[in-house]
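Residue strings, one per chain:
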Amino acid sequence: MVGTVEQTGRALPRRRMRIRESRVDRVFLTLVVIFLTFVLISVLYPLIFIVSASFSSTSAVIGGRVWLLPVEPSLLGYQAVFEHRSVLIGYANSAVYTFFGTIINVVLTVCIAFPLSRSDFFGRNFLMMTLVFTMLFSGGLIPLYLVVLKLGLMNTRWAMLLPEALVVWFVIIARTYFQTSIPDELAEAASIDGCRDTYFVWAVVLPLSKPIVAVLTLMYAVAHWNRYFHALMFLSSERLYPLQIVLRNILILNQTQEMAVEVSEELMRQGLADLMKFSLIVVASAPVLALYPFVQRYFIKGIMIGSLKG
Amino acid sequence: MPTDVQAVTSARRRSATKVGRRILKHWEYYLLVLVPMAYIVIFKYVPMVGAQIAFRDFNVIEGMWGSPWVGLREFTRFFESPSFRRLIENTFSISLTRLLLGFPAPIILALALNEISQRSFKRSVQMVTYAPHFISTVVMASMIILFLNPRLGLFGVLMRAAGVQPVNYLAVASHFKFVYALSDIWQHAGYGAIIYMAALAAINPELYEAARIDGASRLQKIIHVDIPGIMPVMVILLILEFGEIMEVGFEKIYLLQNPVNISASEIIQTYVYKIGIINASFSFASAVGLFNSVINFILLVGVNAAARRISSNSLW
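Please read all numbers here as calculations on a predicted model, not as lab measurements.

Caption draft 1: Fine view of the overall build of chain B. Each helix and strand counted, chain B has 16 helices and zero strands in total. For 316 residues, the compact-globule estimate of 2.2 N^0.38 gives 20 Å, and the C-alpha radius of gyration of chain B, at 26 Å, exceeds that figure by more than 25%. The C-alpha extent of chain B, read off along each of the three principal axes, is 90 × 65 × 35 Å. Within the span of chain B, comprising 316 residues, buried residues form 49% of the whole. Sequence separation of 24 or more characterises 63% of the internal contacts of chain B that already satisfy a separation of 6 or more.

What follows is the structure, given as structure tokens:
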């Protein structure tokens, strides 16, 4: 909305401005373009480097000969990644945590955000304060650990789903959205017609709120996919590990003993382990980055809604 | 007098029934918020109550309520421990470096992007700079470790190409905070710029008009129109950043730690994790964690109050 107003408002003066563009301004603009090109390259280059290295041969990677494009192209790194059983288990686990975790997140967020957006909901200020206070102060890591322990969630899949069932910041974003897009009069009219509040949320609010549901789904899903610290604290058996923990073990702690048996020679193994790291980074980030071009506008929308009242 | 009392009580009763009616009318709302609020209570407020083990000599058998009180013993132990000073110094120096370098980055990026009228270029810079935000902490940390690896990393390749002997910056303790802060900028500055772009788009076009009539150059326009225009957003985000000071991405720092840089990279939060969960000294770690939370809370409230006084923008 703001964009169109601004564009029509500025279309005319812009054209006149171009004529009067002084030399100082032209120099300044050139500097800005150079700066942004530098930014563009310095963000893009490391990403390209990783992808290129992941498709290169072992000797090219350990010899440091890759610098832009793949050298001696090969799929050896990817082969090694997919021969790694724990990577596949981690992938499956992360998919499960992301899928069910996101469903829980979105359902709970809508359940609390909608009533909080209604001005005739008695007690909403109190509930809102209760929520916001948790953003300012927390009991800390250890008490949370003890709660999870006490509830018997330790080393179960629930430990990956329940302790992050809701993010207060996303509740605020959803509430702001409902406040601005579902007028109180609509709820009022529905209730006069005998529509129950829960049914109203299901049949009217949700269909009208597809954009915010999309935003919430994406933000929660990415957070689940990328989360590792909870797994580190709450999980101890390998068959429950999400991908990020497997990544940490291989990429950072250099645990590659599970490597395929055929590649037994130590040096070859070291080289392959290095190459595999690049391929693993690509494989692990692919699901999120592949979706990224299609979903980025939703993320931007999420930020915009969040900033409306933040 | 009696009539007054009567009037007051009847008014109170009337408002009470009114509240009752309001609650009854939307009783289903309470049903809806039940489960989410149960979550908040169990996973946010119960741990706050549980933080009292910082004042007790906690053992698993006697439980939280049965363990004996020890007052501030664990706190004094922490304040007197040799690691106390180092932890505070590290926490503050890492987060202040991040704040100092990281806070202006998205602003500069947004202001620069705002100058560009050619859409395709602007779009591609935006697309590319947002992307790293979605890379996970583990992948980000491994990228840093891989890149800084002098043997096969990107920096090694580039430095050798420039004829310089490669240095592993992760093995130089004094560089840790810069590695942390700069990689954070690389990952998040683009995403952080979105909110400033939105604020810039919302600036009243008449202000640009006026600046143009006054013969302002592009730079002057940035200084006198753009920056004042995004000032409220800047203040809010600055306050939020202060709220993060004690929290500093400890998940990433934990992954980047190695025996060589640990003297500069051990922060309060990573220490709590190691002492509390790996070594299972729950009371001591809770005391350290609680100390951290309290400092954080004070910082946030203090900065918010200061911002309200100075600029009339604040969170609450």
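Caption draft 2: Summary view of the layout of surface pockets. In this model, the second largest pocket occupies a volume close to 900 Å³. Around the second largest pocket, the lining is made up of 30 residues, and of these Ser 42 of chain A together with Phe 155, Leu 182, Ser 183 and Trp 186 of chain B lie nearest the centre. Residue assignment for the lining of the second largest pocket shows that the elements contributing at least two residues are helix H2 (23–54) of chain A together with helix H6 (104–115), helix H8 (137–148), helix H9 (154–161) and helix H10 (176–201) of chain B. Looking at the lining of the second largest pocket residue by residue, the classes come out as 25 nonpolar, five polar and no charged.

Caption draft 3: Fine view of the nonpolar core. Formed by 184 residues in total, the largest nonpolar core has its most connected members in Leu 36, Phe 178, Ile 212 and Phe 229 of chain A. Considering every element that reaches this core, the biggest residue donor is helix H15 (residues 266–308) of chain A, with 15 residues. With sequence-adjacent residues up to four places away left out, Leu 36 of chain A is seen in contact with Leu 109, Ala 112, Leu 113, Ile 116, Phe 121 and Val 125 of chain B. Among the nonpolar cores identified, the runner-up in size contains six residues, and Leu 136 of chain A together with Val 235, Ile 239 and Val 303 of chain B belong to it.

Caption draft 4: Molecular detail of the packing of helix H7 (residues 119–130) of chain B against H10 of chain B. All names here are of chain B. Following both chains from N to C, one finds H7 and H10 inclined at 130°, their axes separated by 7 Å at the closest point. One element, H7, and the other, H10, form an angle in the oblique class. For the pair formed by H7 and H10, the contact residues are Lys 122, Gln 126, Thr 129 and Tyr 130 on the first element and Gly 190, Tyr 191, Ile 194 and Met 197 on the second. Looking at the contact of H7 with H10, its residues break down into four nonpolar, three polar and one charged.

Caption draft 5: Structural detail: the confidence of the model for chain A. Residue and element names in this part refer to chain A. For chain A, per-residue confidence averages 83 on the pLDDT scale, and 87% of positions sit at 70 or higher. Overall, residues 1–12 carries pLDDT values under 50, and its contacts beyond four positions in sequence, including any with other chains, amount to seven contacts. This model gives residues 258–264 a pLDDT under 50, and the stretch forms 14 contacts once residues within four places in sequence are excluded.

Caption draft 6: Fine view of the interface of chain A and chain B. At the interface, 103 residues of chain A touch 97 residues of chain B. For the pair chain A and chain B, the two sides together bury roughly 9,400 Å², of which 76% comes from carbon and sulfur. Between the two partners, chain A and chain B, sit one salt bridge. Here Glu 28 of chain B ties to Arg 196 of chain A by a salt bridge, and the two come within 2.4 Å at their closest N and O atoms. If you look at where chain A meets chain B, you find 15 residue pairs in polar contact (both at pLDDT 80 or more). Looking at the side of chain A that touches chain B element by element, the count peaks at 18 residues for H2 of chain A.

Caption draft 7: Representation of the side chain of Arg 124 of chain A in the model. For Arg 124 of chain A, the position within the fold is in helix H6 (residues 124–136). Here the side chain of Arg 124 of chain A touches Leu 116 of chain A through a polar contact of 2.9 Å, landing on its backbone oxygen.

Caption draft 8: Examining H8 of chain B more closely. All names here are of chain B. Counted at 1.5 Å a residue, the expected span for H8 with its 12 residues is 16 Å, and the 16 Å between its end C-alpha atoms agrees. Of all 12 residues that make up H8, 10 are buried, and the element is covered over most of its length. Among the residues making up H8, those that are buried are Val 138, Val 139, Met 140, Ala 141, Ser 142, Met 143, Ile 144, Leu 146, Phe 147 and Leu 148.

Caption draft 9: Quick peek at empty space enclosed by the protein. A full pass over the atoms with the stated rule returns three cavities of 30 Å³ or more. In this model, the largest cavity occupies a volume close to 50 Å³. Considering the residues around the largest cavity, the lining is formed by Arg 118, Asp 120, Asp 184, Ala 187, Glu 188 and Ser 191 of chain A together with His 26 and Tyr 29 of chain B. Per-element accounting of the lining of the largest cavity gives the leading share, four residues, to helix H10 (residues 184–192) of chain A.

Caption draft 10: Structural detail: the packing of aromatic side chains. Applying the stated criterion to the full structure yields 37 aromatic pairs over all chains. Here the aromatic rings of Phe 114 of chain A and Phe 178 of chain A are separated by 5.7 Å at their centres, their planes lie at 80°, and the arrangement is edge-to-face. With a gap of 64 residues between them, Phe 114 of chain A in helix H5 (residues 85–117) and Phe 178 of chain A in helix H9 (residues 168–181) connect regions that are remote in the sequence. Side by side, Phe 114 of chain A and Phe 178 of chain A carry an identical accessibility label, which is buried. For the ring pair Phe 114 of chain A and Tyr 29 of chain B, a centre distance of 6.1 Å and an interplane angle of 75° mean the geometry is edge-to-face. In this pair, Phe 114 of chain A sits in helix H5 while Tyr 29 of chain B sits in helix H2 (residues 27–50), so the two residues belong to two different chains. Given a relative accessible area of 0%, Phe 114 of chain A falls into the buried group. In textbook terms, an aromatic cluster arises when at least three aromatic residues are bridged by ring pairs, as seen for Phe 114, Phe 121, Tyr 177, Phe 178 and Phe 200 of chain A together with Tyr 29 and Tyr 30 of chain B.

Caption draft 11: Here's a closer look at the environment of Arg 21 of chain B. With respect to the helices and strands, Arg 21 of chain B occurs in helix H1 (residues 2–25). It is 41 Å that separates the C-alpha atoms of Arg 21 of chain B and Gly 302 of chain B, two residues lying 281 residues apart in sequence.

Caption draft 12: Examining the environment of Ile 236 of chain B more closely. By secondary structure assignment, the location of Ile 236 of chain B is in helix H12 (residues 218–243). Between the C-alpha atoms of Ile 236 of chain B and Asn 304 of chain B, which are 68 residues apart in sequence, the distance is 8.6 Å.

Caption draft 13: Seen up close, the side chain of Thr 109 of chain A. Residue and element names in this part refer to chain A. Structurally, the position occupied by Thr 109 is in helix H5. A polar contact is formed between the side chain of Thr 109 and the backbone oxygen of Asn 105, at a distance of 2.6 Å. Polar contacts involving the side chain of Thr 109 include one to the side chain of Tyr 220, which spans 2.7 Å. Those residues within four positions of Thr 109 in sequence are excluded, and the remaining contacts are Leu 166, Phe 170, Val 171, Ala 174, Leu 216 and Tyr 220.

Caption draft 14: Geometry of helix H4 (residues 76–83) of chain A. All of the buried residues in H4 of chain A are Gly 77, Tyr 78, Ala 80 and Val 81 of chain A. Taken end-on, H4 of chain A shows its buried residues confined to a sector of 160°, consistent with a single buried face.

Caption draft 15: Spotlight on the environment of Gln 52 of chain B. Among the secondary structure elements, Gln 52 of chain B is positioned in the loop between H2 and helix H3 (63–66). Polar side-chain contacts of Gln 52 of chain B include one of 3.0 Å to the side chain of Arg 56 of chain B.

Caption draft 16: Molecular detail of unusual backbone geometry. All names here are of chain A. Despite not being glycine, Glu 72 has its phi angle at roughly 45°, a positive value. Along the polypeptide, Glu 72 turns up in the loop between helix H3 (58–62) and H4. With a phi close to 60°, Asn 155 is a non-glycine residue in the positive phi region. Relative to the helices and strands, Asn 155 resides in the loop between helix H7 (141–150) and helix H8 (158–161). Taking relative accessible area as the criterion, Asn 155 reaches 27% and is therefore assigned partly exposed.

Rules of the game
- Residues numbered from 1 in each chain as written.
- Chains lettered and ligands numbered in written order.
- Predicted model: local features only at pLDDT ≥ 70, side-chain atom pairs only at ≥ 80, totals over all residues.
- Heavy atoms only, no water.
- Helix = DSSP H or I, 4+ residues; strand = E, 2+ residues; numbered from the N terminus.
- Rg over C-alpha atoms; globule rule 2.2 N^0.38 Å.
- Buried < 20%, exposed > 50% of the residue type's maximum accessible area, 1.4 Å probe, protein only.
- Contact = heavy atoms within 4.5 Å.
- 1 Å grid on protein atoms, 1.4 Å probe; cavity = no way out; pocket = protein on both sides within 12 Å on 5 of 7 lines; lining within 4 Å.
- Points joined across faces, edges and corners; volume = space filled by probe spheres on them.
- Nonpolar A, V, L, I, M, F, W, Y, C, P; charged D, E, K, R; others polar.
- Core = buried A, V, L, I, M, F, W, Y, C linked by side-chain atoms within 4.5 Å.
- Axes fitted to C-alpha atoms, helices over the stretch in contact; angles between N-to-C directions.
- Parallel < 35°, antiparallel > 145°, perpendicular 65-115°, else oblique.
- pLDDT = per-residue confidence, 0-100.
- Buried area = accessible area lost by both parts, 1.4 Å probe.
- Salt bridge = Lys/Arg side-chain N within 4 Å of Asp/Glu carboxyl O.
- Polar contact = N/O pair within 3.5 Å; in protein donor to acceptor, adjacent residues only side chain to side chain.
- Expected span 1.5 Å × (residues − 1).
- Phe/Tyr/Trp six-rings, centres within 6.5 Å; stacked < 30°, edge-to-face > 60°.
- Arc of directions from axis to C-beta.

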